[in-house]
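# An overview of the molecular structure
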Amino acid sequence: QVQVVESGGGLVQPGGSLRLSCAASGSIFNIISMGWYRQAPGKQRDLAARITRGGTTNYADSVKGRFAISRDNAKNTVYLQMNSLKPEDTAVYYCNMHWGYNYDSWGQGTQVTVSS
């Protein structure tokens, strides 16, 4: 059994910052990549940022220069630092762990709302 738990969402004003955290535990091994996806109301779930075990990152064009993803391999934890937040960043953010023999595990999601 694998557990993936996110934290750090909330309400923030435009231009503000938030830091999301996600930790994996249980029978997880060989985490290949960790990622953050987001889903706004009425839209599909899309990749926001991803980082490989070796530290290679990729970002959605809409968040480049504002978001930064990082990971702690020893703790099976990934972070997403979000700066200069915009109303269009409002979404449920989901953590994804890609591990083992091509498995995917997801967190329950954390709400991020950017509004004045």
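Criteria and cut-off values
- Residues numbered from 1 in each chain as written.
- Predicted model: local features only at pLDDT ≥ 70, side-chain atom pairs only at ≥ 80, totals over all residues.
- Heavy atoms only, no water.
- Helix = DSSP H or I, 4+ residues; strand = E, 2+ residues; numbered from the N terminus.
- Contact = heavy atoms within 4.5 Å.
- Salt bridge = Lys/Arg side-chain N within 4 Å of Asp/Glu carboxyl O.
- Buried < 20%, exposed > 50% of the residue type's maximum accessible area, 1.4 Å probe, protein only.

### Regarding the environment of Arg66
Within the secondary structure layout, Arg66 lies in the loop between β6 (57–59) and β7 (67–72). Considering only alpha carbons, one finds Arg66 and Asn83, 17 residues apart in sequence, at a separation of 5.1 Å. When neighbours within four sequence positions are excluded, Arg66 is seen to be in contact with Gln81, Met82, Asn83, Ser84, Leu85, Lys86 and Asp89.

### Some remarks on the pattern of salt bridges
Tallying each qualifying case throughout the model produces 3 salt bridges. Across the pair Asp61 and Lys64 runs a salt bridge whose closest N-O atoms are separated by 3.1 Å. Assessed through its relative accessible area of 66%, Asp61 is described here as exposed. The partner of Asp89 in a salt bridge is Arg66, and the shortest N-O contact between them spans 2.7 Å. Residue Asp89 is found in the loop between β8 (77–82) and β9 (91–99), and its partner Arg66 is found in the loop between β6 and β7; the two are separated by 23 residues along the sequence. Among the charged side chains, a salt-bridge network with shared partners connects Arg38, Arg66 and Asp89.

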